[in-house]
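# Coordinate analysis (summary)
Chain by chain, the residues:
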Amino acid sequence: MKTRLLALLCLMLSMPVWAQEVKIDIKQFMFDPKDLTVAVGTKVTWVNDDQVPHTVAETHKVFRSGALDTDDSFSWVFDTPGEFEYFCALHPQMIGRIIVTQ
Amino acid sequence: MAMHTKPQRRTDGLLNPDRRTLLKCSAWAGAGVIWALHGGIPKAFALDAAGNVSDPEALDSTFHFVQISDSHIGFNKEANPEPVKTLQVAIDKVIALPKRPSLILHTGDITHLSKAEEFDTSAQLLKALPSTVHYVPGEHDTLDAGGGALYLERYGKGTKGNGWYSFDDHGVHFIALVNVFNFQAGREANLGADQLAWLADDLRVVSSSTPIVVFTHIPLWTIYQPWGWGTEDGDQAIAMLRKFGSVTVLNGHIHQVIQKVEGNITFHTARGTAYPQPAPGAAPSPGPMTVAADQLRNYLGVTEVRATQGDHPLALIDSTLV
């Protein structure tokens, strides 16, 4: 029982380590991956690999990047669980979704 | 996982492969096409290699103007490292016209990233043009922190809303529409209810025999939905224009010549002066198309519109920067 508690404690202490950072590529007018599930606390970074600028705009304006030129990036830390849909405000046919789990 | 969305097929027949190939060839060969409308019936004449049109009547005009589009000043990637140079070539071409155009339309994407210095550079270049330039913004002109504030400060004086307006010149009613604000996820561009209400009011006093030229950045009709090449509520604007005898709708945005004629309305998108983009659905994405450096100017160009005063229709002449 004690070892189990200890194990659980270790697990909890190590949480920040697993709350990793995840990268989403913006390439060929698409978010890659388009759908992504992450744990609460994860920092997501979008990097624009295209020759033209894109943006990352959450549908309900939870987050909104400026114009990202080639190689520019934008990061957002997801602190609350839920589903976040976003799009490129310049090319609104580009859509992505982040699902944040507890 | 990378998901490649399959380009959707259009069902209205506009983009059947034959027509598409034809459009692609005429645009890519660098040969211009002149459209002359007689009583609403379009007639197309190809320009020969020297840029001359076979029907001299079409060129016997008393009024002409020029459309320049998609300068993208600030772009510096492989597809055209020097858009300043190619815009200068376009400007020189307009200066060299045998007759000074009555006015010039710039149909947006003046800059690439809406930076103050990009607006400065383009304004410096464009002021060499021999006639007044009337602007509409492209989505690339709205990327500043103020969401289009820099564009509107410079070009929005005396306009309504996000920069729409109308004016008359040589008996033609010009309408500048703006469709590069308030993009919604998964949707095409939009004009919005305020602008449509303004348009209805603006047209109320225009007689149906007055030739109308509408200019806006993103095509008013849907050219290719998967790439967002269209305006969702554009059909409402088009419906208001149907009763007029001669309507010409000029766009930019897609960096290539595509035309459609519907009743008395001619839709025409112009080449840009910065870099070419692929034909609808011809590539995985609408990103800049890199061509051999010595071929680039075949893909860039300006459009000249000629009108004979009276009952005659407007003629559109596209020429490349070669």
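Residues numbered from 1 in each chain as written. Chains lettered and ligands numbered in written order. Predicted model: local features only at pLDDT ≥ 70, side-chain atom pairs only at ≥ 80, totals over all residues.

Per an unreviewed UniProt entry, chain B carries the name Metallophosphoesterase and comes from Pseudomonas fluorescens.

As annotated in an unreviewed UniProt entry, chain A carries the name Cupredoxin domain-containing protein and comes from Pseudomonas fluorescens.

## Points about the UniProt feature "domain: Calcineurin-like phosphoesterase" (unreviewed entry) in chain B
According to UniProt, the feature "domain: Calcineurin-like phosphoesterase" (unreviewed entry) maps to residues 64–256 of chain B in the numbering used here. Note that residues 64–256 of chain B is 26% helix and 16% strand, and that its end C-alpha atoms are spaced 21 Å apart. (UniProt positions renumbered as here; feature names shortened; annotations may be inferred. Helix = DSSP H or I, 4+ residues; strand = E, 2+ residues; numbered from the N terminus.)

## Some points on the interface of chain B and chain A
If you look at the interface, chain B gives 23 residues, while chain A gives 22 residues. Split into classes, the residues belonging to the side of chain B that touches chain A amount to 14 nonpolar, 5 polar and 4 charged. (Contact = placed C-beta atoms within 7 Å. Nonpolar A, V, L, I, M, F, W, Y, C, P; charged D, E, K, R; others polar.)

## Focus: the sheet that holds strand β10 (residues 258–262) of chain B
The strands making up a sheet associate through backbone hydrogen bonding, with each pair oriented either parallel or antiparallel. All names here are of chain B. With mixed pairing, 6 strands are arranged side by side in an open sheet as β6-β7-β8-β9-β11-β10. The sheet terminates laterally at β6 (165–169) and β10, the two strands that pair on one side only. Geometrically, the sheet is characterised by an average inter-axis angle of 15° between neighbouring strands, direction not taken into account. Bridging between β10 and strand β11 (residues 265–269) involves 5 bridges; their strand directions are antiparallel. What sits directly across from K260, in β11, is F267. (Pairing = 2+ DSSP bridges. Axes fitted to C-alpha atoms, helices over the stretch in contact; angles between N-to-C directions.)

## Notes on the pairing of strand β1 (residues 21–27) of chain A
Residues and elements named next belong to chain A. Bridging between β1 and strand β4 (residues 42–48) involves 6 bridges; their strand directions are parallel. Following the sheet pairing, I26 is matched in β4 by N48. Across 3 bridges, the pairing between β1 and strand β2 (residues 30–32) is antiparallel. In the sheet register, I26 faces β2, and the bridge partner there is F31. Connecting β1 to the antiparallel partner β2 that follows it, the hairpin turn spans 2 residues, and Q28 within it adopts a positive phi of roughly 50°.

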